[in-house]
Amino acid sequence: MRPIFILIILFIATISANAQNPSAWNNKQCAVVLTYDDAINVDLDNVIPALDSLKLKATFYLIGSSPVISARMDEWRKAAKEGHELGNHAMFHPCDGSRPGRSFVTADHDLSKYTMTREVDEIRQNNVLLKAIDGKDKRTFAYPCGDLKVGDDMIYPHIQKDVVGARGVGAGMQTIDKVDLANIDCYGINGQNADYMINLVKRAMKTHTLLVFLFHGVGGGHSINVGLRDHSKLLHFIKDNQKDIWVAPMVDVAEHVKAYQDGQAK
């Protein structure tokens, strides 16, 4: 029994070491994903020029019905060609209006009144729209308002074949073996300064984890906002430390996580 016990201990230690191994993140200390929600003008006016100037790639979660999609489609197409992901944020951004603080939810797009069929249909319709823009078959999803369910039924199992993974709104950083592709954690930014965001990156580097940022407005354009200068300082810190940070669109990171968890990558 003693040799078997020792082998079990060594096996567990190996799994733990591999989970903490920075090589798990594309041979970097950690992975950082920059995500921007809701398809707003500042994405194209402020964010993409800043990212492109540093050759950093990000994910933009687009609401298909946003007027900024139809009015500036060529610019979104150009962003996709430059390596940014156009992620799925549903066709109409339905949120559960029965929850506290949801007075902004309209009757037409109240998730608490949806059937699962309607929810899935609208997500798939948005996938079709996004493919018409970027020509791509793979992308990730972000839950509007972080709502994971229609009634008591979890959404992700119904769209698992349509997306590579789904970002939620809960805060956290996980090692690659612990990332939940059905509800990827992130840190929502609303007024925090550059030091706060940079310290999150430093923590991810130290713990060899996945760090996802959730932005809305950058330099305005949304009630949830981060200052242009603070955002710029974060981007420059990431760029200056790219030898230790794998920064990539969510679709690339999610595919890597899935391959790792399925035993196909190291």
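Residues numbered from 1 in each chain as written. Predicted model: local features only at pLDDT ≥ 70, side-chain atom pairs only at ≥ 80, totals over all residues. Heavy atoms only, no water.

> Tell me what's going on with the nonpolar core, and back it up with residues and numbers.
In terms of nonpolar packing, the biggest core is built from 43 residues, with L34, Y36, W76, F213 and F215 touching the most fellow members. Take this core: its biggest share by element is seven residues, from helix α7 (residues 194-207). Every residue in contact with F213, bar those within four places of it in the chain, is listed here: V32, V33, L34, T35, Y187, I189, M197, L200, V201 and L234. (Core = buried A, V, L, I, M, F, W, Y, C linked by side-chain atoms within 4.5 Å. Buried < 20%, exposed > 50% of the residue type's maximum accessible area, 1.4 Å probe, protein only. Helix = DSSP H or I, 4+ residues; strand = E, 2+ residues; numbered from the N terminus. Contact = heavy atoms within 4.5 Å.)

> Residue-level account of helix α5 (residues 116-134), with values.
Taking 1.5 Å of rise per residue, 19 residues should cover 27 Å, and α5 covers 27 Å from first to last C-alpha, within 8% of that figure. Taken together, the buried positions of α5 are M116, E119, V120, E122, I123, N126, N127, L130, I133 and D134. Projected onto a plane normal to the axis of α5, the buried residues spread over an arc of 160° and lie on a single side. With respect to the buried face of α5, the exposed residues turned more than 90 degrees away are T117, V128 and A132. Among the residues trailing α5, G135 stands out with phi positive, at a value near 75°. (Expected span 1.5 Å × (residues − 1). Arc of directions from axis to C-beta.)

> Could you give an account of the side chain of R102, naming the residues involved and the relevant values?
Residue placement: R102 occurs in the loop between β3 (85-88) and α5. A distance of 2.9 Å separates a polar atom in the side chain of R102 from a polar atom in the side chain of D147. What R102 contacts, discounting residues up to four positions off in sequence, is C95, D96, G97, C145 and D147. (Polar contact = N/O pair within 3.5 Å; in protein donor to acceptor, adjacent residues only side chain to side chain.)

> An account of the state of the cysteines is needed here, citing residue identities and associated values.
Inspection of every chain in the model, using the stated rule, returns one disulfide. The side chain of C95 participates in a disulfide bridge whose partner is C145; the two sulfur atoms lie 2.0 Å from each other. Disulfide C95-C145: the torsion about the S-S bond is 75°, which places it as right-handed. Here C95, found in the loop between β3 and α5, pairs with C145, found in the loop between β4 (141-142) and β5 (149-150); they are 50 residues apart in sequence, far enough to count as distant. (Disulfide = S-S within 2.5 Å.)

> If you had to explain the environment of K243 to someone new, which residues and values would you point to?
Within the element layout of this structure, K243 appears in the loop between α8 (228-240) and β12 (245-247). Each C-alpha atom, one on K243 and one on I48, is 22 Å from the other, the two residues being 195 residues apart in sequence. Engagement of the side chain of K243 in a polar contact is seen with the side chain of D244, the distance being 2.8 Å.

> Kindly report on the packing of α7 against α8, identifying the contributing residues and their values.
It is the contact of α7 with α8, at a shortest axis distance of 8 Å, that shows an interaxial angle of 25°. When the axis of α7 is compared with that of α8, the two are roughly parallel. Remark: the crossing between α7 and α8 carries right-handed chirality. On α8, the residues that touch A194, M197, I198, V201, K202 and M205 of α7 are D230, H231, K233, L234 and F237. (Axes fitted to C-alpha atoms, helices over the stretch in contact; angles between N-to-C directions. Parallel < 35°, antiparallel > 145°, perpendicular 65-115°, else oblique. Left-handed = near helix turned anticlockwise from the far one by under 90°.)

> I'd like a description of the pattern of salt bridges, backed by residues and values.
Counted under the stated rule, the structure contains 16 salt bridges. Of the charged contacts in the structure, one is a salt bridge between D147 and R99, with a shortest N-O distance of 2.6 Å. Placement of the pair is D147 in the loop between β4 and β5 and R99 in the loop between β3 and α5, with a sequence separation of 48 residues. The salt bridge partner of D110 is K113, with a shortest N-O separation of 3.6 Å. Beyond isolated ion pairs, a larger network of salt bridges with shared partners links D45, R72 and E75. (Salt bridge = Lys/Arg side-chain N within 4 Å of Asp/Glu carboxyl O.)

> Break down unusual backbone geometry for me, citing the residues and quoting the values.
Not every positive phi belongs to a glycine, and K55 is a case in point at roughly 60°. Relative to the helices and strands, K55 is located in the loop between α2 (41-53) and β2 (59-62). Given the relative accessible area of 63%, K55 is considered exposed. The backbone phi angle of H208 is positive, close to 55°, even though this residue is not glycine. Secondary-structure assignment places H208 in the loop between α7 and β9 (210-215).

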